[in-house]
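Summary of structural features
Residues per chain, in single letters:
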Amino acid sequence: SSGLPQLISTLPSAGNAVLSLAWLPGHHGGMEGSVIFAGVADGTIRRFDCTTAVFTATISTGTVLSTRSSASTSHRWKPTLRMTVENRGLREATKVWALEALSDGTVISGDSLGHVQIWDGLSGTMSQTFNHNESGADVLCLALSEDENKVFASGVDSRVICIERQQGNVVQSNSKNASFEPPVMRKWINTGALRQHTHDVKALVVCHKHVRNNSDYLELLVSGGVDTKLCTYVAKDFKSSRPKIWYNWPMLSPVSISRKRRLLCVARAKQIDIYQLDCSIDVKLQSVLDPIVKDETKCHVKTISIQSSFNLNCATISDDGNFLAASDAASTYLFSLGIEEKNGVINLDPTKLNLPSGFKRPSVALKFDWQKRLYCASIDGSIAVLGMPPTSNEKVTLDHVFKNHSCRLPNKSHHFPFVFLDITSDGNWLAAGRFSSGKGAVHIFALPSSEAGNYQHWWSVPEMEATVNCIKLLGGGSAESSLAIGCSNNTFYIFNVIRRSLSDFSHEMGLPILSSLPSELTSRPEPITSIISNPSNLYKFILVARGYFCVVDLHKSVPEHSNWYPSNHLRVKRQVSDDESTLTHHWTTRKRSLSFSHDDHINDFSKKSNNFTICLRYSNILFQEFVSEKEMVIVEEPWMSALEELPDALARRVYGA
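Residues numbered from 1 in each chain as written. Predicted model: local features only at pLDDT ≥ 70, side-chain atom pairs only at ≥ 80, totals over all residues. Heavy atoms only, no water.

The next subject is the environment of Met 126. Here Met 126 lies in strand β9 (residues 126–131). A relative accessible area of 38% places Met 126 in the partly exposed class. Placed 19 residues apart in sequence, Met 126 and Val 107 show a C-alpha to C-alpha distance of 9.2 Å. Aside from chain neighbours lying at most four places away, what touches Met 126 is Gln 117, Ile 118 and Trp 119. (Helix = DSSP H or I, 4+ residues; strand = E, 2+ residues; numbered from the N terminus. Buried < 20%, exposed > 50% of the residue type's maximum accessible area, 1.4 Å probe, protein only. Contact = heavy atoms within 4.5 Å.)

It is worth spelling out the nonpolar core at this point. The nonpolar side chains of soluble globular proteins are, as a tendency, buried together. By size, the foremost hydrophobic cluster in this structure holds 46 residues, and its most contacted members are Val 461, Leu 483, Ile 485, Phe 492, Phe 495, Phe 541 and Leu 543. Those residues in contact with Phe 495, other than ones at most four positions away along the chain, are Trp 459, Val 461, Pro 462, Met 464, Ser 482, Leu 483, Ile 485, Ser 501, Leu 502 and Ser 503. (Core = buried A, V, L, I, M, F, W, Y, C linked by side-chain atoms within 4.5 Å.)

Turning our eyes to something else, we now look at the sheet that holds strand β42 (residues 549–553). Across the sheet, five strands lie side by side as β40-β41-β42-β46-β43; this open sheet has mixed pairing. For this open sheet the edge positions go to β40 (528–534) and β43 (564–565), each flanked by a neighbour on one side alone. As paired strands, β40 and strand β41 (residues 537–545) are joined by six bridges and run antiparallel to one another. Bridge assignment links Ser 533 to a residue of β41, and that residue is Phe 541. (Pairing = 2+ DSSP bridges.)

Once their charged atoms are close, side chains differing in charge can pair, the charge on each being opposite to the other. Following the criterion strictly, the structure yields 17 salt bridges and no others. Residue Asp 104 is joined to Arg 165 by a salt bridge in which the shortest nitrogen-to-oxygen separation is 3.0 Å. Of this pair, Asp 104 sits in the loop between β6 (96–101) and β7 (106–111) while Arg 165 sits in strand β12 (residues 160–165), and the two are 61 residues apart along the sequence. On the accessibility criterion, Asp 104 (19% relative accessible area) is buried. By sharing partners, the salt bridges in this structure join Arg 259, Asp 319 and Glu 625 into a single network. (Salt bridge = Lys/Arg side-chain N within 4 Å of Asp/Glu carboxyl O.)

In this structure the tally under the stated criterion is twelve aromatic pairs. A centroid spacing of 4.4 Å and a plane angle of 40° characterise the contact between Phe 402 and Phe 445, whose relative ring orientation is tilted. Taken together, the residues span a long stretch of sequence, with Phe 402 in strand β31 (residues 397–402) and Phe 445 in strand β34 (residues 442–446) at a distance of 43 residues. In this structure, Phe 402 and Phe 445 share a single accessibility class: buried. Seen in terms of ring centroids, Phe 402 and Tyr 455 are 5.8 Å apart; in terms of plane orientation they differ by 80°. Their pairing is edge-to-face. Of this pair, Phe 402 sits in strand β31 while Tyr 455 is found in the loop between β34 and β35 (456–460), placing the two residues 53 residues apart along the sequence. The class for Tyr 455 is buried, based on a relative accessible area of 19%. By the ring-pair criterion, three or more aromatic residues cluster together here, those being Phe 492, Phe 505, Phe 541 and Phe 612. Against the face of Phe 418 rests Arg 434, its NZ or CZ located 4.1 Å from the ring centre. In this arrangement the basic side chain of Arg 500 is found over the ring face of Trp 458, its NZ or CZ atom lying 3.7 Å from the centre. (Phe/Tyr/Trp six-rings, centres within 6.5 Å; stacked < 30°, edge-to-face > 60°. Lys NZ or Arg CZ within 6 Å of the ring centre and 35° of its normal.)

Printed below as a string of structure tokens:
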């Protein structure tokens, strides 16, 4: 009734550490008649059966009790079988790291000798053994398909193998009943292997994905490990389908920019690095095709180290470059940078500022406006407004705290703190968003344009169809202010701030908007992480993801299909079919361009609408923003640099090396 887990039973001791478990529920999914298999550190697999007895007296520890009339029913666990895993003559016992149990009584184990073994759970005999790898590296995880005819295994050797059971005429039970009949012997065969990870695979799980416009679902295998990647495989077509890779790039960018000073601020674990961009250049078509790549070591200006027991979780620099704010799990830090510029070279003399006594807490999101105010979102949902001192001799002031905007909303709508903050160019509106989809996921606040004005909560955006991933305030000044919200399913909505309603564009697209957008955008595996707008065009913005960005013009019609740039990119050659249930791939025969070629002309799309064009030129994008009206900066994090921070992978013998 409390909703918390409670201890209801203790099994007899296995005599050593238990490394893995597999449970078969009993009759109708209950406890009675259920079976637990345990992989023990002494190289054995133990079977425990749950038996039933009715008692009228006191019952000892280690039983599951339920009241039946005046007597008590005890589900007592009893060890019934022990299976010993071979150790190949080694002194140390073989470790059983993973177990899976099938409804027909078959038990599958993965051990420290690199074996995947098939056992008869009734008699305790081993029927088959498979070598996962040639190195004898540990098998750490197993996963079972829904029909129990496929077993997936992986471990220290990152290869994921599929072991499939031959088809046969077997009577399937309607429920997983541990009082099973002897299984019909069907041979298991190693049918395929894929290697998408570079390091140890620590977890495998089978899940289901609903297919758009179809009542059926797709069975997916998901793998994850030391290299921080997630890989998804189609369980039905494991051998023929190509896995999808999901990189663990942060949803919130650690980079911020000062446009006036052309400074980039990069937050790291214990320090903040500041870099200077070159002076503004004349932007021509040539620079679009051949972007200028900057070496961060030659652009470095200053490093600000922060002594703390916690890592930094957010940081931002003001647009004029005079102030920098950062926060970890313990406190918020504010610095005056003391900029001195001589002959185009910037020198910084940072000074830590004391925060007001009414605000000494950590923040989860930070944002400066042009009026030298700092907005700090706290984990409790409040937003503090700090006034920056005009001179170093004056103090930071606490001007206001937004804290009553969620009082009328259900608790489920604000379980998560605000992680997105954005302000209009004229400083009249503040938007705050959180990783949620319910009402209250995004709030809009009216800001005073002068010291005599008032701070006001303006609107709570209605419930979204998917989790909010990013927000962006458009317009401001003479243009009507709008709010763009990007969702986790790669859709976006535009809201009119003044009218507190959907914009005309979103109304015309219909609800939900997912079916009205090009499938090339909505089917991308990388979710939208930010929205940026060009100061020279208020009706044009860019949807940014880690592996691409998409250009959107609200004054142009939405095409049925998006164009790709460059059109001969490797990722364009493999097109995912509109039917997600088949996941067939279409390949073109044109060779890949390995350099920034002038053959990739933008006017390739002159015959088609270039609205919603998806650019694949850049990958692993950590940050993207406009520096000026015709200049944009993109910060990439090469995957190889992330691999250098990981521990060494298993050394494998490569053919021909």
